[in-house]
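Architecture at a glance
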Amino acid sequence: MLFILVGAGRIQAQAAGAAEYPAWVRQAVVGTAYTADEFVGLPFEQQLQIVQTLHPEIDPTALTISTAAAEPNSLIQANTANMTVNPLAAGNTLLDIAPSDNNKAFAYFNIGTPSTQTVPSGVAFDGVAFDGVAPGGSTPVYVNGSPVPALRILSSAAKTIDPGTLTTADFSSLGVADFHLDLTSSDLGTGDFSLSYNAGGSTPPNVTITVKDPTKLPYSGKKIVFRVTKNNHSTQVTFNLWRPDITRASAVLPLGNNLSLRYMFGAYQPAKAPSHLNYDLTTQTNNFIDTPNYNIIQTDPNTHAETTVYSLYEAPSLFPDGSSQKDTPVDFTNLYTTRGLGIGFKGAPWIPWGSGNVDNVSPLIQFDDIKHIHMYADSVNPQVIRLDYDGYITNSYYLKILGVSGGSIALRVRSQLQPSTDNRQMSLSQQVTNISGQNLTGIYFARQLDVRIGPKGNPMDDVPPYYGALAQDGPRQGKPQGIYFRSPYLSSPFIMQFNFNSLHGPDSWSGTHWIEKYTGNGSDAFGRSAQSVIDGYVTATGTNVYRAGNTTGGDQFPNGYPVFKGPEGKGNAGDVNAQPDQLLFGKDATSSSSLIKDSAIIMKWSPSQVGTFNDGDTFEMGFNSGTNSGTAPILRTDTKYLHIPQTAKTVAAPGSVFDLNSNQATVYYQVDGEPVTSSNALAIANKKTLFAAKYPTDPPHNTYLPFAGDISNPADVQTLADGKEHTIYLYAIDTPDNTVPNPYKQDSQLVSNVIQIAVNRPATVNIHLLDAAGAALTPTQADGSAIANPVVKNGTMPDPYNFNDFSIGSTSILTTSETTLQGHPPLTLTSAGQQYDLDQTRLPSNGQGTLTPASGTLDLNYYYKKHSDTGGLLKLTVPTIDFGQQSLNLGIGSYPISSLTGSLVVTNQNTTNKSFQMSAQATTPLTNAAGQTLPGALGYQLSGTTVADLSDPVIVYANTNAAAPDTTFNISNSWWQANQPQTGDYQIGGPRLQINAVNKPAISAGKYTGVITWTVTNGL
């Protein structure tokens, strides 16, 4: 029987992408529970109502369904009189306002000039809140000192109400009765608020909404929709009224060594009820709500007294005495030197600053307004602290210097603080979504943290930065994973660490001097002198000369403080020569000490890292940070899985340990039992020593000390070798040493990371047999019986496996046991009556390796293409093989070919790929005229004395040279010694007669014939 198998060509399948909708659709679903897909499926009337109510800024003609489908709404006035108004009347305005603490929301109609729009006075207007800053520029609360005369905080005019078709004459006679409440579209009823209207005079006409019960207002807001009509003229205005929902939540991680890490946004405040005070960023500076922060709590083991150790500069509240906001949940001014999320653009024009040596600054701007604020502890996991808000940059001056011309920047920010995976650090994760209605590609994000380490009463500003430990894996593998700051003066040498080795970590970071913000004169929306605030840690040169020249001690740095060189500058993160524990900034040329006076860290997610940022796109960023006293050991192992044979006398768990500042560290192990953590390790009684590490020289150290990790305790070995699942915990504890030089002294034991090694953990491999499009085949045997798909194999981690094995002697996975982790998928198979060939150009990259899937299950996909005619490119001729006459008393053994008629020859005329494999199978065993068989009597000598049983397909030849010059391959020539007669005495390969204990008793007189099926496949 002859099979010639050639490739039918590769077929690619592409999954359909998600539907693409225009920007207005993505904008329309903001603030609703609908997805874009759900929204476009709504009736037109419902789409129209949502757009007019929530997004009057959207042109309703953008809706693709004819407006003729819309029926006029029945509107209900506050006095319950009915009136119908054209739903597409001009002047749709959305005002998104958090009412003042007096529960008042205020807006002017856009009639008159901006300069006349001042903050209204009088009892009726006390404490009103606008959508944005007061249009005339209210006198802001100066929280950083006395106000500078004639300067205002640079901010945008508040949003006003489009008058629609209303005229000046209409406004003069307009009254409260002309404001008709649309109860169908509104979330609040007539009894939930009061409305007052002022016809103006020296100021434009205006309206005030007073909410009677503000507790009804969630952070997302509730709508009040009015149709304002007079003399057949009209406009529409929607007030979305919301209030902040701020819980100053914090969480604590026990670190051991009488230390805990407490993290939160802003400075720590004891637990209080949620606050709904108005957080109005438009009239404030230095009150950034999204500043991640943590303290170390040091507990005296005897008195249990707690000492707070700070990581960032914390000041008393900057709100003046008597302020209603001082030390309340909306007061975040304590960390005013640590900036909030900064926003820059790759294409922003350089801003020159200073005189003489001018810094050309790529401006970083903070939000000038934030809305829909929700800060809270997660209800399921209280160690997760969440902060959600919408941030805006609306001021025309800031937008201009950022190079943004498409309107205001609006970003939905979702932040969370939680424990890092090792429960020793705070992890910040932040997702930012573009809700601006415009393409913001070129945007980048940055932060500056003002480092100040030490206990209350003795915090240190001049804390030098060093490169962190080498990353063992991840994006920064082989490079320092980040930065740490170490104080050389404190009795406990506290270490503040930043780990950026993660998928969402910043691609740019540096340790530097604190860079004070630039404060200068700009021009606000009304052309008046105003105070602009710009962060300047991205410059054209990568240094900030102006700040170095205007800071005490800055003369030590005549070339300026190090910052980022342009929006793509990487800072210390890009230093190819960086070494762990290397002082990275401020080193004195004559000593190893640091000259830095005020430490800071800057980090940046560059434009290239953010990438395309269209409307609706989301970008995620984050980092880990934590503080400890001294530097804990770092432990690593060669594997996290072990398969222990039941005959084992010892168990090896090799690895290495590192400690920067301690000369000695001991590695311990534990088998099963209560899980070991960095928090409980010190308290474990009867610790079992695995390795005692000792450095020959004083710190700083820069090498890992390897250990064999042999566990020889008979009881532990017996447990681990019983074939069941177990866990080995490895951890290290260092030895404090106050005799080493500063800054490497340590006064308490520290515990390393804890590594868990899984023992005898089972793993399953699912081998999927798929067609070219990725659909599962339904393969069958020659007799029509089904072949299970996927083919399932079972093993133990970390056993080796190789299902991409096409070497000579390799067998099909269909013929091996479920615990055999070697072989290859069938080269050919039949599914639904169609013959398929294995496509060896699409073999899975993980088809060979060790069993270490995190889930315990490994899925491998193998693709098949439909068999097609070779077109004459691949041909096969086969010989007739004769094993000669043999005695009935033939002994057990292997017997060569007696004679060969013809040759086994493959002709491959493929001009691009000459590689192929040949497999052989005894599809008909040796059988006599009476139908008696000799099972297993046909074998194939592969090499030396190795003879494969041909009862199942076996690869017997492979040409791996795709560029071979030959077109004809005489395989049977390789069955004989070179230059010798092709007789039995000289056979070194090929078919052989195999007599064994099973078939010998079946031998009887007569002629036996059989069939060997040769299968050639080129896998293309």
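If you're wondering where the values come from, they're calculated on a predicted model, not measured in any experiment.

Rules used throughout
Residues numbered from 1 in each chain as written. Predicted model: local features only at pLDDT ≥ 70, side-chain atom pairs only at ≥ 80, totals over all residues. Heavy atoms only, no water. Helix = DSSP H or I, 4+ residues; strand = E, 2+ residues; numbered from the N terminus. Buried < 20%, exposed > 50% of the residue type's maximum accessible area, 1.4 Å probe, protein only. Contact = heavy atoms within 4.5 Å. Areas by Shrake-Rupley, 256 points an atom, 1.4 Å probe, with all protein chains shown as cover. Salt bridge = Lys/Arg side-chain N within 4 Å of Asp/Glu carboxyl O. Polar contact = N/O pair within 3.5 Å; in protein donor to acceptor, adjacent residues only side chain to side chain. Phe/Tyr/Trp six-rings, centres within 6.5 Å; stacked < 30°, edge-to-face > 60°. Lys NZ or Arg CZ within 6 Å of the ring centre and 35° of its normal. Pairing = 2+ DSSP bridges. Axes fitted to C-alpha atoms, helices over the stretch in contact; angles between N-to-C directions. pLDDT = per-residue confidence, 0-100. Core = buried A, V, L, I, M, F, W, Y, C linked by side-chain atoms within 4.5 Å.

**Details of the overall build of the protein**
A tally of helices and strands in the protein yields eight helices and 66 strands. Put simply, the protein has 1020 residues, and 52% of those count as buried. Nonlocal contacts in the protein, meaning residues at least 24 apart in sequence, comprise 71% of its contacts between residues at least 6 apart. As presented, the protein carries roughly 42,900 Å² of accessible surface, and 49% of it is formed by carbon and sulfur atoms.

**Things to note about the environment of P580**
Along the polypeptide, P580 turns up in the loop between strand 33 (564-565) and strand 34 (599-605). Separated by 96 residues in sequence, P580 and Y484 place their C-alpha atoms 9.9 Å apart. With residues up to four places along the chain from it excluded, the contact list for P580 reads Y467, G468, A469, L470 and P480.

**Looking at the pattern of salt bridges**
Oppositely charged side chains can pair when the atoms bearing their charge come close. This model, assessed by the stated rule, comprises 16 salt bridges. Salt bridges sharing partners connect three or more residues here, namely D507, E568 and K570.

**Let's talk about the side chain of S656**
Following the sequence through the fold, S656 ends up in strand 39 (residues 655-658). Among the polar contacts made by the side chain of S656, one reaches the side chain of R636 at a distance of 2.8 Å. Among residues more than four places away in sequence, those in contact with S656 are I634, L635, R636, Y704, L705, P706 and F707.

**Structural notes on the packing of aromatic side chains**
Tallied over the full model, the rule gives 32 aromatic pairs. Taking the centre distance of 5.8 Å and the plane angle of 85 degrees together, the rings of F193 and F226 count as edge-to-face. You can see F193 sitting in strand 7 (residues 193-198) and its partner F226 sitting in strand 9 (residues 222-230), a full 33 residues away along the chain. In this structure F193 comes out as buried when scored by relative accessible area, which is 8%. Counting every residue linked through ring pairs, the aromatic cluster contains F109, F171, F179, F193, Y197, F226 and F239. In this structure, R636 is placed above the aromatic ring of Y704, and the distance from its NZ or CZ to the ring centre is 3.6 Å. Its guanidinium or amino end placed over the ring of Y863, R842 lies 3.8 Å from that ring's centre, counting from NZ or CZ.

**Quick look at the sheet that holds strand 37 (residues 641-642)**
Spatially, 37-45-44-40-41 is the arrangement adopted by the five strands of the open sheet, whose pairing is mixed. Two strands in the sheet have a free side with no partner beyond their single neighbour: strand 37 and strand 41 (688-694). Bridge count between strand 37 and strand 45 (residues 755-759): two bridges; the pairing is parallel. When the sheet's bridge partners are listed, L642 is paired in strand 45 with V759.

**A short note on the sheet that holds strand 36 (residues 634-637)**
Strand order in the open sheet made by the three strands is 36-39-42, with antiparallel pairing throughout. The two strands at the open ends of the sheet, each matched to only one other strand, are strand 36 and strand 42 (705-707). When the angles between neighbouring strand axes are averaged without regard to direction, this sheet yields 20 degrees. Sheet topology note: the strand 39/strand 42 ladder contains three bridges and is antiparallel. Within strand 42, the position partnered with V657 by the bridge is L705.

**Re the environment of I161**
Examined against the element boundaries, I161 turns out to sit in the loop between strand 5 (104-108) and helix 4 (168-173). Sequence-wise, I161 and T238 are 77 residues apart; in three dimensions their C-alpha atoms are separated by 9.4 Å.

**Details of the side chain of N663**
Tracing the chain through its elements places N663 in the loop between strand 39 and strand 40 (664-671). A distance of 3.0 Å separates polar atoms of two side chains, one belonging to N663 and the other to D698. Other than its neighbours up to four places away in sequence, N663 contacts A693, K694, Y695, T697, D698, P699, H701, D737 and V740.

**Brief notes about the confidence of the model for the protein**
Across the protein, pLDDT averages 83, with 83% of residues at or above 70. Here residues 1-19 is modelled with pLDDT under 50, and outside its nearest four sequence neighbours on either side it reaches 49 contacts, counting other chains as well. With pLDDT under 50 throughout, residues 135-152 is counted as low confidence; its partners more than four residues away or in other chains account for 39 contacts.

**Remarks on the nonpolar core**
Core analysis: the biggest nonpolar cluster contains 95 residues, and I289, F367, L411 and F445 have the highest contact counts within it. Here the element with the most residues in this core is strand 23 (residues 443-455); it accounts for seven residues. One finds Y484, V671, F707 and I711 within the second-largest nonpolar core, a separate group that totals 33 residues.

**A word on the environment of Y695**
Within the secondary structure, Y695 sits in the loop between strand 41 and strand 42. We classify Y695 as buried; its relative accessible area is 8%. Each C-alpha atom, one on Y695 and one on D659, is 9.0 Å from the other, the two residues being 36 residues apart in sequence. The contacts of Y695, once residues within four sequence positions are left out, are V657, F658, D659, S662, N663, H701, T703 and L705. Among the polar contacts listed, one links the side chain of Y695 to the backbone nitrogen of D659, at a separation of 3.2 Å.

**Notes on the pairing of strand 10 (residues 233-241)**
Where burial is concerned, most of strand 10 is hidden: eight out of the nine residues are buried. Taken together, the six bridges between strand 4 (residues 92-97) and strand 10 define a ladder with parallel strand orientation. Following the sheet pairing, I97 is matched in strand 10 by L241. The antiparallel pairing of strand 9 with strand 10 creates a hairpin that spans two residues between the two strands, and N231 there sits at a positive phi of about 55 degrees.

**Focus on unusual backbone geometry**
A cis geometry characterises the amide bond from P699 onward to P700, with omega recorded as 10 degrees. Tracing the backbone through its elements, the reader meets P700 in the loop between strand 41 and strand 42. With an omega of 15 degrees, the peptide bond between N789 and P790 qualifies as cis. Locating P790 in the fold gives a position in the loop between strand 47 (779-780) and strand 48 (791-796). Of note, N979 is a non-glycine position whose phi angle comes to about 60 degrees, a positive value. Given the relative accessible area of 80%, N979 is considered exposed.

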